[in-house]
Amino acid sequence: MPELPENVKQNIREEGLPIVLEPKTRLPLYISVRELSLRYQFGTTKIQKFFEGLKEGRIYMTQCKKCGQKFFPPQGDCPICIESDVRWIPLNGEGELLTCTMILVKPPTYAHHDNYIVGIAKMKEGVRVLAWLKIDDPKKIKPKMKVRLETVKREPEQFITYEFTPI
Amino acid sequence: MRDVAIVGVGHSKFGNRFDLRIDELAWEAASEALKDASLSAKDMEFVVVGCSGGWSAESLPAVICSEYCGTLPKGSMRVEAACATSSAAVAVAYNLVASGYVDLVLTLGVEKMHESPNPVQIEFIGRAGNYFWEFENFGMTFPGYYALHATSYMWKHGLKEEDLAEIAVKNHHYASKNPKAQFTKEISVETVMQSRYVAWPLKLFDCCPLTDGSAALILAAEDVAKKITDTPVWINGIGAATGTGNLSRRDMHLKLEYSGLESAVYAAKQAYKQAGITYNNAAKHLDVASVHDCFTIAELMAYEDLGFCGRGEGLKLVREKQTYNGGLIPVNLDGGLKAKGHPIGATGTSMIYSLTKQLRQEYGKIGGKEAQATIRKGRAVAHNIGGTGHYAYVTVLSLEKPQSGSG
């Protein structure tokens, strides 16, 4: 089991209870002695081709063979036709930036990354993609600027994902 | 379908409530609502609890809170619609009463965010979209999602960061008069402009805080309502809509390109239609509005999504201070999410609490005369968004019963 904070352990030793004073308000707080850690898992069977594509440097969308509806993120089922017959089409990678932000206050699981820019671009095929935009100087970002979507190895985690770079 | 009115309202103090557990916090609002309606917990026939959850220890908040509030063994459920959770709870409670299933429902919004450390909350809220495609690989945050909209609005309509700051200044101004608000100090445009970036172009003072709080409403069927109070506040319309989980898939029906929320437009039109309000120039039918200002840009988009003005014209409302009391449409006279605080699951019922007090002309007793809107049309609107337009709920309240057949 993960270790309790030192002040909580001390109070258990001295007072017999995990109650500490909240630093700002000095109100008593009971610190739960149970800690939960969570790692989720997802099935990829229906879109395994997408992940096979990433390994080969391709980023796939899907298209319903019956009605022509395009999907990115890719999906194996078309809710319009209630059919599951889709075509896998690699994106050519050219897009136009619709909007972006730079994330400075990061979630704890991203704390080890430098500030990152997230953009949404409209791809040549018509679908939109959300991904990081790698650019040396954020001041160079312009509305509707042309970007290229490519697969990339994300450091330091070393898994394959995709990102935008300016064209 | 029967007409449904709000006959009792209650509201806790918002803020860092390290003094209470979630059930005790729920009781703070529920007890006030019961007293307001001169009813007892035993009179309640159903309890709908809006609680987004995740950050607090209790997994079954509807049970814990019902037990503490003394409503057992009456039926209960928890409802979730992210930040629009308790507006969704109101929609459920409304239908329980309108359908004739029960006559009186306690609708309780409650959230205890400070049971988890601050970084865990940032992680949780950032996951509130499409987890796999937008968080797992790209680390989106809640301010980040709205920042994408702020950037787009800037690129399209010439919005400046100072314009957004003006919205924060207004809402802090009204919160400073509201003793139940989390933030009690006025701020200036400089305060906002000098605060650090959280997700460019949004800064710390563009963002609402993390809040513990609760707000309760008692909903009653027409015959019962008239026996309880001389000033029932009627629900004239409820609009609800769902947006895509993936931000990249927005604009399925309306091409806004991140300068508005499609779901909010849909919900507003639906609620207005039920209430007999025209969408264009909706402001002329309303005395006051509570809109979902989790970030300053969210309030700006709400003006347009609610039909108070055309696309890109929300800026003009800000620059001319038309959403202060006395302007075209007073917005967030209680301080809004931005400064009153945003306890996720309690925000919808908190909005409706304030609007009920406004329509009854009792808000001045809480927030001072300056924050009591002039009630001429007897109508108000609550605009409550879950996530970044992932859910949208728009509720129209009125001193008049719904027109025949629309209830």
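Here, residues in each chain are numbered from 1, in the same order as that chain's written sequence. Chain labels run from A onward and ligand labels from 1 onward, assigned in the order the entries are written. Given that the model is predicted, a residue must reach a pLDDT of at least 70 before its local features are reported, and side-chain atom pairs must reach 80 or more before they are shown or counted; all residues, however, enter totals for whole chains, interfaces and linings. With hydrogens and water stripped out, all remaining heavy atoms of the structure feed into the side-chain values.

Visitor: Pulling in residues and values, what's your account of the pattern of salt bridges?
Guide: For salt bridges, the criterion is a side-chain nitrogen of Lys or Arg within 4 Å of an Asp or Glu carboxyl oxygen. Going through the model one piece at a time under the given rule, you end up with 40 salt bridges over all chains. In this structure, the salt-bridge partner of E257(B) is K144(A), at a minimum N-O distance of 3.5 Å. Remark: K144(A) occurs in the loop between β8 (128-133) and β9 (146-154) and E257(B) occurs in the loop between β8 (233-242) and α10 (262-275); the pair is interchain, linking two chains. The closest approach of N and O atoms between E222(B) and K226(B), which form a salt bridge, is 3.2 Å. A residue pair is termed a helical-turn pair when its members lie 3 or 4 positions apart in one helix, as E222(B) and K226(B) do in helix α9 (residues 222-228) at four residues. What you see here is one network of salt bridges that share partners, running through E96(A), K144(A), K146(A), K156(B), K255(B) and E257(B). Starting at the N terminus, helices and strands are each numbered in turn, a helix being any DSSP run of H or I of at least four residues and a strand any DSSP run of E of at least two.

Visitor: Please provide a residue-by-residue account of the packing of helix α6 (residues 142-157) of chain B against helix α11 (residues 296-305) of chain B, values included.
Guide: Residues and elements named next belong to chain B. Axis definition: a line fitted to C-alpha atoms, limited for helices to the stretch in contact. Angles are taken between N-to-C directions and run from 0 to 180 degrees. Between α6 and α11, the shortest axis-to-axis distance is 9 Å and the interhelical angle comes to 60 degrees. Here α6 runs over α11; the crossing is left-handed. Residues Y146, H149, A150 and Y153 of α6 form the contact with α11, whose own contacting residues are I297, A298, L300, M301 and E304. Gly falls in the polar group here, along with every residue not listed as nonpolar (Ala, Val, Leu, Ile, Met, Phe, Trp, Tyr, Cys, Pro) or charged (Asp, Glu, Lys, Arg). Classifying every residue of the contact of α6 with α11 by side-chain character gives seven nonpolar, one polar and one charged. The hand of a helix crossing depends on one turn: near helix anticlockwise from the far one by less than a right angle means left-handed, and clockwise means right-handed. Whether two residues touch is decided by their heavy atoms; if any such pair falls within 4.5 Å, the residues are in contact.

Visitor: Describe unusual backbone geometry, and please don't skip the residues or the numbers.
Guide: All names here are of chain B. Residue P73 follows L72 across a cis peptide bond; omega there is 5 degrees. For P73, the location among the structural elements is in the loop between α2 (61-69) and β3 (75-79). Cis rather than trans, the peptide bond between W200 and P201 has omega equal to 5 degrees. Looking at where P201 falls in the secondary structure, it is placed in the loop between β5 (197-200) and β6 (202-203). For E257, which is not glycine, the phi torsion reads 45 degrees and is therefore positive.

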